Amino acid sequence: MSTYVMSDLHGCYDEFLEMLEKIQFNEYDHLYIDGDICDRGPKSIPLLQYIMVQKNMTAILGNHDVWLRDFADYLIDLKNNRQCEPACLELRLWMESNGGASTIDQFLGLSNPECYDIKTYLESLLPYHTLTVRNHHYSIVHAGLGSDIRDYHLIPAISENDLIWGDGGLASNSLRNSTLIVGHVPTFIYGKQYENHIIHETTSDTFHIDGGCVFGKSLLCLRLEDQKEFVIPSNS
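The rules behind these values
Residues numbered from 1 in each chain as written. Predicted model: local features only at pLDDT ≥ 70, side-chain atom pairs only at ≥ 80, totals over all residues. Heavy atoms only, no water. Core = buried A, V, L, I, M, F, W, Y, C linked by side-chain atoms within 4.5 Å. Buried < 20%, exposed > 50% of the residue type's maximum accessible area, 1.4 Å probe, protein only. Contact = heavy atoms within 4.5 Å. Pairing = 2+ DSSP bridges. Helix = DSSP H or I, 4+ residues; strand = E, 2+ residues; numbered from the N terminus. Axes fitted to C-alpha atoms, helices over the stretch in contact; angles between N-to-C directions. Parallel < 35°, antiparallel > 145°, perpendicular 65-115°, else oblique. Left-handed = near helix turned anticlockwise from the far one by under 90°. Nonpolar A, V, L, I, M, F, W, Y, C, P; charged D, E, K, R; others polar. Arc of directions from axis to C-beta.

Let us now look at the nonpolar core. A general tendency of soluble globular proteins is for nonpolar side chains to be buried together. Formed by 46 residues in total, the largest nonpolar core has its most connected members in M6, F16, I23, L31, I51, L68 and F107. Those residues within four positions of L31 in sequence are excluded, and the remaining contacts are Y4, V5, M6, F16, L20, F25, N56, M57 and T58. Ranked by size, the runner-up nonpolar core spans 14 residues in total, among them Y32, I60, V133 and I181.

Take a look at the structure:
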């Protein structure tokens, strides 16, 4: 039994399946997905629907998932010709500047029950997860803590907005009793030396695992038992 973490899949369904094959993922393993299943990539909704039905996969909310969750009702009404209000600025920002257009198109092509299944699933997710693997504690959030807390037990008190947007840079872990795992910012943003690799920032004990697959880099995966990384190059 192994425990894995990936983040920022962004509709890269093919690379995701390749990674599952590479790590020989099976029913006894567990995968945590650290936000941003949707947007920018080609297969956001099929990928999300696949993850939804896997009992050994746990998703953590990212900012892109929150956009779909928050606008699901609007889109369902639009799909059923019940929506007369024009798109608000936040919806247009998601759609036009953050890769939401393809996700919206795929969502509108679903049946009403499928749309409501996705809405219900996203509403069930939390913006954090904490766990212990081989006596080592990990805290998983999408972007960062957004506050200078010392104890992982205080993470539930942090706002969702901070956890999905609160990037703290490379050394983003203020916790004294937990390793922090984040995505949100692709590792190549921090320098070419980090391209296509997980960053372990040791002074604050932070793992950065967004490999920027949707930007033509790599999908990254961290196995928690031995902190080994796995890499699948982007198909784009």
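All right, on to the sheet that holds strand β3 (residues 57-60) then. Sheet architecture is open: five strands sit in the order β3-β2-β1-β9-β10, paired in mixed fashion. On the outer flanks of this sheet lie β3 and β10 (228-233), each paired with one strand and no other. Shown here is a sheet whose adjacent strand axes are inclined to one another by a mean of 20 degrees, direction ignored. Inspection of the sheet shows strand β1 (residues 3-6) paired to strand β9 (residues 218-223) by two bridges, in the antiparallel sense. In the sheet register, V5 faces β9, and the bridge partner there is L222.

Packing of helix α3 (residues 63-79) against helix α6 (residues 112-124) leaves a shortest axis separation of 9 Å and a crossing angle of 155 degrees. On the basis of the axis angle, α3 is roughly antiparallel to α6. Crossing geometry of α3 relative to α6 is assigned as left-handed. The residues of α6 that touch α3, namely those facing D65, L68, R69, A72, D73, I76 and K79, are N112, C115, Y116, I118, K119, L122 and E123.

Here we come to the packing of helix α2 (residues 44-52) against helix α5 (residues 100-108). At a minimum axis distance of 8 Å, the contact between α2 and α5 shows a crossing angle of 65 degrees. When the interaxial angle is binned, α2 and α5 end up roughly perpendicular. Seen from α2, the contacting residues are S44, I45 and P46; seen from α5, they are T103, Q106 and F107. Grouping the amino acids of the contact of α2 with α5 by side-chain chemistry returns three nonpolar, three polar and no charged.

Every buried residue of α5 is accounted for by G100, T103, I104 and F107. Axial view of α5: buried residues confined to an arc of 100 degrees, hence all on one face. In this structure, the buried residues of α5 make contact with α2, α3, α4 (89-97) and α6.

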